[in-house]
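# Summary of structural features
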Amino acid sequence: MTCADWQDKFTEYLENTLPADARQQLDAHVAACPDCAADLAAFLRSEQTADFYFEEYLTGESYYLLHYLWQDGRVTSFSQQNLLQQAGGKSIVLARPAQLHRQPVAESYVRVLRQLGFWGLAMIEVIRRGDEFVFIELNPRFWGPLQLTVDAGAGILEAFVADQLGRPEFGSQARAGDAPYLWLNGLLANRRAGKQPRWHVPPPAHPKRFLLRHLTHDIYLRRDTLGLFAHELVSVLRTTGQS
Ligand SMILES: [Zn+2]
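Please read these numbers as outputs of a predicted model, since none were measured by experiment. (Residues numbered from 1 in each chain as written. Predicted model: local features only at pLDDT ≥ 70, side-chain atom pairs only at ≥ 80, totals over all residues.)

## Here we look at the overall build of the protein
The secondary structure content of the protein amounts to ten helices and seven strands. The C-alpha extent of the protein, read off along each of the three principal axes, is 65 × 45 × 35 Å. Residues classed as buried in the protein amount to 27% of the 243 residues present. Within the protein, contacts between residues separated by at least 24 positions form 61% of all contacts whose residues are at least 6 apart in sequence. (Helix = DSSP H or I, 4+ residues; strand = E, 2+ residues; numbered from the N terminus. Buried ≥ 20, exposed ≤ 12 C-beta atoms within 10 Å, placed from the backbone. Contact = placed C-beta atoms within 7 Å.)

The structure is reproduced here in structure tokens:
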């Protein structure tokens with residue numbers, strides 16, 4: 001990264017929208033580079049903070065509310081607690097089923113979505129702050145969580161298919177299981193890149209043993225995707241060799 005690259009990030013720095021690792025790197029560069037330090041000081045003096053949109057950086061228990069909102073008004077719901085996440089707020093690599101979708105906060109989000117005329121998949125990220133839950137974002141698609149809902153028998157995928165086919169009678173009979181999901185290669189790739197994945201819960205005493213216990217729930221370590229698992233693992237290992 002050149003000094004110009006760092007200076008391009010000053011706006012995000014001021015808005016506090018840089019991921020934590022990028023912010024630390026920028027701080028480190030500015031501390032070591034008099035040019036950038038002078039530039040940042042001048043930038044901070046010249047900008048009106050009222051012109052910026054500030055976001056608070058939250059830490060706390062992290063959850064995804066997972067909903068399928070049917071076109072006929074029904075809703076099929078599930079939730080997961082996020083345990084381990086790639087650095088910089090990237091992908092969740094370990095999560096387990098939760099009960100948050102049974103709490104009033106889940107209903108309040110569904111009500112808002114209904115008022116907006118929304119139907120379809122809704123993955124809502126919330127962070128717990130004391131007794132309240134703070135809305136982070138909504139994604140109209142699932143990735144790892146889709147596997148979790150299938151393994152847990154949450155009926156979300158079944159609801160999606162039935163609603164899209166116009167065959168609501170095939171809808172879900174949810175049986176709540178407790179299967180977690182793990183994306184081992186996502187975790188390894190992050191580690192090999194020298195990044196520090198983030199625990200959203202107190203880290204287990206023996207992280208390796210803890211992760212191995214979840215290996216049977218890896219997203220790709222299944223009979224029909226074994227090739228993908230191997231392919232990903234090989235590319236993770238190759239990347240290491242080059243770096
Ligand atoms: Zn510089």
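Text resumes after the structure shown.
## A short note on helix α7 (residues 156–164)
Along α7, the positions that sit buried rather than exposed are I156, A159 and D163. One face of α7 carries all of its buried residues, which in axial projection span an arc of 60 degrees. Those residues of α7 that are buried are in contact with β1 (62–69), β2 (75–85) and α6 (144–151). (Arc of directions from axis to C-beta.)

## Concerning helix α5 (residues 104–115)
Its twelve residues place the ends of α5 17 Å apart at the C-alpha level, agreeing with the 16 Å of an ideal helix rising 1.5 Å per residue. Downstream of α5 by one or two residues, G117 has phi in the positive range, about 80 degrees. (Expected span 1.5 Å × (residues − 1).)

## Comments concerning the domain arrangement of the protein
Along its sequence, the protein is carved into domain 1 (3–51) and domain 2 (62–81 + 99–172). A straight line from the C-alpha centre of domain 1 to that of domain 2 covers 38 Å. (Domains from an automatic or database assignment.)

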